[in-house]
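Read off the chains here:
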2 protein chains.
Amino acid sequence: MAAERSSTHAHRALITLRQRILNGELPGGTRLYEVALAEALGISRTPVRAALSRLAEEALLDRNAGGGFIVRSFAVADVVDTIELRGVLEGTAARLAAERGAPPELLAETGAILRGIDTLFQIETIDMEGYSHLNSRFHDLLARMSQSEVLIREIARIIALPFASPSAFLDDQSRQTDLVKTLAAAQDQHRAVIEAITHREGSRAESLAREHARAARRNVEFLLSREATPKDGAPSLAILSA
Amino acid sequence: MAAERSSTHAHRALITLRQRILNGELPGGTRLYEVALAEALGISRTPVRAALSRLAEEALLDRNAGGGFIVRSFAVADVVDTIELRGVLEGTAARLAAERGAPPELLAETGAILRGIDTLFQIETIDMEGYSHLNSRFHDLLARMSQSEVLIREIARIIALPFASPSAFLDDQSRQTDLVKTLAAAQDQHRAVIEAITHREGSRAESLAREHARAARRNVEFLLSREATPKDGAPSLAILSA
DNA sequence: TATCCTACAGTTGTATGCATGGAGACGTCA
DNA sequence: TGACGTCTCCATGCATACAACTGTAGGATA
């Protein structure tokens with residue numbers, strides 16, 4: 001976590017601060033002071049302000065009435081509701097895709113991704129990084145099939161929150177046995193959604209995509225039900241308020 | 001539209017620029033230059049940057065790769081999709097309200113608002129400002145009944161776009177006759193949504209709230225179907241790209 | 001004792017000058 | 001004629017000094 005080599009001070013500050021918020025180093029409710037941050041990061045207030053402004057755009061900070069920024073607090077309910085919201089939005093994307101007709105090239109690309117995931121399953125130990133990548137691409141394609149720029153944008157916005165990403169909690173599954181079962185079930189849901197879209201079954205596509213997001217929600221609830229503190233096994237949940 | 005008296009230069013710049021974007025004075029695709037704006041507004045670059053940053057947060061500007069801001073383009077499809085999205089989100093709020101049980105005090109307040117709207121209907125010429133205010137409060141309460149901070153926030157975000165507000169297009173209805181009929185129908189829908197929530201009928205509440213948003217969508221399509229250019233009768237549509 | 005007033009300290013708001021870096025214009029070379 | 005390279009200009013990135021504001025603590029007064 002030394003000095004990162006990106007283009008601008010503002011960008012480096014953005015990355016650093018985002019990281020500190022996500023890993024719980026800057027807990028929800030913390031007021032962020034420009035001067036203090038500038039000194040801590042060894043830069044001036046100007047790029048700090050730029051970074052804070054972008055974090056507010058990402059919904060990780062709230063603007064304080066009368067100036068200043070405060071780290072947003074995320075309770076368990078917020079995480080659950082955000083995942084639910086992703087399900088609703090992806091459900092809408094699936095419905096629109098079915099109603100409007102998904103572009104053949106996107107359907108083809110999706111098919112290739114699903115076959116790619118199948119291939120991963122044939123190896124004993126699953127390549128999680130590879131799965132995560134393909135899974136993200138699948139969800140990206142699903143959004144694009146809606147052919148709605150507005151929806152694509154809003155889904156991207158929600159997914160930017162780490163705990164709401166379709167690939168969240170994949171790296172912190174403790175029970176490897178369950179994991180395989182879980183992923184196989186998810187793959188079945190992927191197929192069902194695409195099938196519904198292909199057959200122009202809007203309502204069915206919407207329900208299936210919604211239900212698919214529920215898997216992530218169950219994952220959260222499982223991780224939180226364990227005795228261990230969330231931060232140990234689930235980095236994505238480090239942001240949770242105490 | 002002279003110099004407005006708010007607290008800071010940045011805030012005044014924000015209001016001025018927002019207005020110019022919404023009324024089409026700064027059409028979609030326009031690149032905004034800090035120096036030029038600073039000179040035009042008679043202030044320095046710093047508050048201009050602050051204002052631009054907040055407009056990006058409101059989704060009225062896009063950040064240009066490599067710096068700078070560009071006015072976002074809104075096509076008819078974007079307006080329609082945004083209204084559809086509001087319907088989806090308000091539908092979700094209604095469903096959650098039904099599933100989780102709406103707080104009695106919110107239901108009571110909603111009832112008062114609905115009675116208030118009824119009262120407006122008893123006068124020959126409807127007080128549009130009054131209706132608009134009550135209608136906004138109804139939609140605000142609907143969001144809050146979901147008891148989901150995440151959803152409340154996202155709905156507020158969408159409604160901030162002028163053409164997606166539940167009270168958009170009220171002031172630019174040309175045919176006063178249809179207007180009364182339209183508003184009466186909307187009021188029926190309001191009642192139906194609340195009834196479904198009260199009876200804990202989640203799916204029905206969701207469908208009704210969604211359909212309610214379709215009224216706004218039909219309004220857009222009606223306004224655009226007229227011969228007159230959009231800007232004349234419908235200020236909310238002035239933002240549309242040519 | 002309660003309230004108001006004042007002064008101060010700390011924080012953000014603003015202006016400005018300089019640094020940096022990218023895109024386009026222009027010219028040269030193959 | 002086309003492509004490549006360089007040079008210049010202009011917009012943004014950044015630092016810094018100063019201004020304005022806000023909340024608070026302390027004291028004075030009724």
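Check the entry above for the structure.
Presented here is a report on the structure given in the accompanying data block. Since the model is a prediction, treat every value here as computed from it, not as a measurement.

A closer look at the protein's contact with DNA strand C
Reasoning step 1: By nearness alone, 15 residues border DNA strand C, and Arg45(A), Arg49(A), His9(B), Ser44(B) and Thr46(B) come closest of all.
Reasoning step 2: The sugar-phosphate portion of DNA strand C accounts for 55% of its atoms within 4 Å of the protein, the bases making up the rest.
Reasoning step 3: In the environment of DNA strand C, a phosphate oxygen lies 2.5 Å from a nitrogen or oxygen atom belonging to the side chain of Ser44(B).
Reasoning step 4: If you list the elements that add at least two residues to the surface near DNA strand C, you get β1 (31-32) and α3 (45-57) of chain A together with α1 (9-22) and α3 (45-57) of chain B.
Reasoning step 5: Counting residues per element, the surface near DNA strand C draws most heavily on α3(B), at three residues.
Reasoning step 6: Among the residues making up the surface near DNA strand C, the classes are represented as five nonpolar, five polar and five charged.

Overview of the interface of chain B and chain A
Reasoning step 1: Taken together, the contact between chain B and chain A spans 29 residues of the former and 29 residues of the latter.
Reasoning step 2: Both faces considered, chain B and chain A share a buried interface measuring about 2,500 Å² in area, 42% of it formed by carbon and sulfur atoms.
Reasoning step 3: The interface formed by chain B and chain A holds twelve salt bridges in total.
Reasoning step 4: Here Arg153(B) ties to Asp62(A) by a salt bridge, and the two come within 3.0 Å at their closest N and O atoms.
Reasoning step 5: Between the two partners, chain B and chain A, sit 13 residue pairs in polar contact (both at pLDDT 80 or more).

A look at helix α7 (residues 149-159) of chain B
Each turn of an α-helix holds 3.6 residues, which means side chains three or four residues apart point in the same direction.
Reasoning step 1: Among the residues of α7(B), Val150(B), Leu151(B), Glu154(B), Ile155(B) and Ile158(B) are the ones counted as buried. One face of α7(B) carries all of its buried residues, which in axial projection span an arc of 125°.

Quick look at the relation of the copies chain B and chain A
Reasoning step 1: Once chain B is rotated about the relating axis by 180° and shifted along it by 0.0 Å, it coincides with chain A to within an RMSD of 0.1 Å. This pairing of chains is accounted for by a two-fold axis. Relative to the rotation axis, the closest C-alpha in chain B is found at Glu57(B), a distance of 2.5 Å.
Reasoning step 2: A share of 100% of interface residues in chain B that are also interface residues in chain A marks the association as one of identical surfaces.

What to know about the pattern of salt bridges
Reasoning step 1: Under the definition given, this model contains 44 salt bridges over all chains.
Reasoning step 2: A salt bridge links Asp140(A) to Arg144(A); its shortest N-O distance comes to 3.3 Å. Taken as a pair, Asp140(A) and Arg144(A) lie in helix α6 (residues 128-145) at a separation of four residues, close to a single helical turn.
Reasoning step 3: Measuring nitrogen to oxygen at the nearest pair gives 2.4 Å for the salt bridge that ties Arg210(B) to Glu206(A). In this pair, Arg210(B) is assigned in helix α9 (residues 202-225) and Glu206(A) in helix α9 (residues 202-225), connecting two distinct chains.
Reasoning step 4: The class of Glu206(A) is buried, set by a relative accessible area of 7%.

Focus: empty space enclosed by the protein
All names here are of chain A.
Reasoning step 1: Enumeration over the complete set of coordinates arrives at seven cavities of 30 Å³ or more.
Reasoning step 2: Put simply, the largest cavity is a space of about 190 Å³.
Reasoning step 3: Together, 17 residues line the largest cavity, and Pro166, Leu170, Ala186, Ala215 and Ala216 are the ones closest to its centre.
Reasoning step 4: Going through the elements one at a time, α6, α8 (176-198) and α9 are the ones with two or more residues in the lining of the largest cavity.
Reasoning step 5: Tallied by class, residues from the lining of the largest cavity come to ten nonpolar, six polar and one charged.

As for the protein's contact with DNA strand D
Reasoning step 1: Taken together, 15 residues surround DNA strand D, and among them His9(A), Ser44(A), Thr46(A), Glu34(B) and Arg49(B) come closest.
Reasoning step 2: Near the protein, meaning within 4 Å, the atoms of DNA strand D are sugar or phosphate in a fraction of 62%, with bases accounting for the rest.
Reasoning step 3: Contact distances for DNA strand D include 3.4 Å between a phosphate oxygen and a backbone N or O atom of Leu32(B).
Reasoning step 4: Listing elements by their share of the surface near DNA strand D, those giving two or more residues are α1 (9-22) and α3 of chain A together with β1 (31-32) and α3 of chain B.
Reasoning step 5: The greatest single-element share of the surface near DNA strand D, amounting to three residues, is contributed by α3(A).

Comments concerning the packing of helix α5 (residues 104-121) of chain B against helix α6 (residues 128-145) of chain B
All names here are of chain B.
Reasoning step 1: α6 packs onto α5 with a crossing angle of 160° between their chain directions and a minimal axis gap of 10 Å. One finds that α5 runs roughly antiparallel with respect to α6. Crossing of α5 against α6: the hand is left-handed. Contacts between α5 and α6 involve Leu106, Leu107, Glu109, Thr110, Ile113, Leu114, Gly116, Ile117, Leu120 and Phe121 on the former and, on the latter, Gly130, Tyr131, Leu134, Arg137, Phe138, Leu141, Arg144 and Met145.
Reasoning step 2: Partitioned by chemical class, the residues of the contact of α5 with α6 number twelve nonpolar, three polar and three charged.

Quick look at the environment of Leu183(B)
Residue and element names in this part refer to chain B.
Reasoning step 1: Relative to the helices and strands, Leu183 is located in helix α8 (residues 176-198).
Reasoning step 2: The class for Leu183 is buried, based on a relative accessible area of 3%.
Reasoning step 3: The spatial distance from the C-alpha of Leu183 to the C-alpha of Glu25 is 31 Å, given a sequence separation of 158 residues.
Reasoning step 4: When sequence neighbours within four positions are dropped, the list of residues in contact with Leu183 reads Phe121, Ile126, Met128, Tyr131 and Leu170.

A word on the sheet that holds strand β3 (residues 69-71) of chain B
All names here are of chain B.
Reasoning step 1: Across the sheet, which stays open at both edges, the three strands sit in the order β1-β3-β2 with antiparallel pairing between neighbours. At either margin of the open sheet sits one strand with a lone partner, and together these are β1 and β2 (61-63).
Reasoning step 2: Direction of pairing for β2 relative to β3: antiparallel, over a ladder of three bridges. Across the sheet, Arg63 pairs through a bridge with Phe69, a residue of β3.

Here is what the cut-offs are and how they apply
- Note on numbering: residues in each chain are counted from 1, in written sequence order.
- Whichever chain is written first is A, and whichever ligand is written first is 1; the rest continue in order.
- In view of the model being predicted, local features appear only for residues whose pLDDT reaches at least 70, and side-chain atom pairs are presented and counted only at 80 or more, with totals across whole chains, interfaces and linings using the full set of residues.
- The side-chain quantities take in all heavy atoms of the structure and omit both hydrogens and water.
- Summary of the distance rule: residues count as near a molecule or strand when at least one heavy atom falls within 4 Å of that molecule or strand.
- Here a polar contact is recorded for every N or O atom pair within 3.5 Å, except that within protein the pair must consist of a potential hydrogen donor and a potential acceptor, and residues adjacent in sequence are included only if both atoms are side-chain atoms.
- Numbering of helices and strands runs from the N terminus, with a helix taken as a DSSP run of H or I at least four residues long and a strand as a DSSP run of E at least two residues long.
- Each residue is assigned to one class: nonpolar for Ala, Val, Leu, Ile, Met, Phe, Trp, Tyr, Cys and Pro, charged for Asp, Glu, Lys and Arg, and polar for all the others, Gly among them.
- Note on contacts: a residue pair qualifies if any of its non-hydrogen atoms lie within 4.5 Å across the two residues.
- What gets called buried area is simply the loss in accessible area from a 1.4 Å probe that two parts show on being joined, summed for both.
- For this document, the term salt bridge refers to a Lys or Arg side-chain nitrogen within 4 Å of an Asp or Glu carboxyl oxygen.
- Burial classes: relative accessible area under 20% of the type maximum marks a residue as buried, over 50% as exposed, and values in between as partly exposed (1.4 Å probe, protein chains only).
- Each C-beta atom gives one direction from the helix axis, and the arc is the one those directions make.
- Alignment of the copies relies on least squares applied to C-alpha atoms, considering only residues that score at least 70 for pLDDT in both.
- Using a 1 Å grid laid over the protein atoms alone, points where a 1.4 Å probe fits but cannot get out form a cavity; open sets with protein on both sides within 12 Å along at least 5 of 7 lines form a pocket; any residue with an atom within 4 Å of a point counts as lining.
- Grid points are joined across faces, edges and corners, and a volume is the space filled by probe spheres set on the points.
- Here the axes come from fitting lines to C-alpha atoms, over the contacting stretch only for helices, and the angles between their N-to-C directions go from 0 to 180 degrees.
- Each angle is binned into one of four classes, with values under 35 degrees roughly parallel, values over 145 roughly antiparallel, values of 65 to 115 roughly perpendicular, and all other values oblique.
- Should the near helix be turned anticlockwise from the far one by less than a right angle, the crossing is termed left-handed; should it be turned clockwise, right-handed.
- For two strands to be treated as a pair, DSSP must find at least two bridges joining them.

Keep in mind these numbers describe shape, not what the thing actually does.
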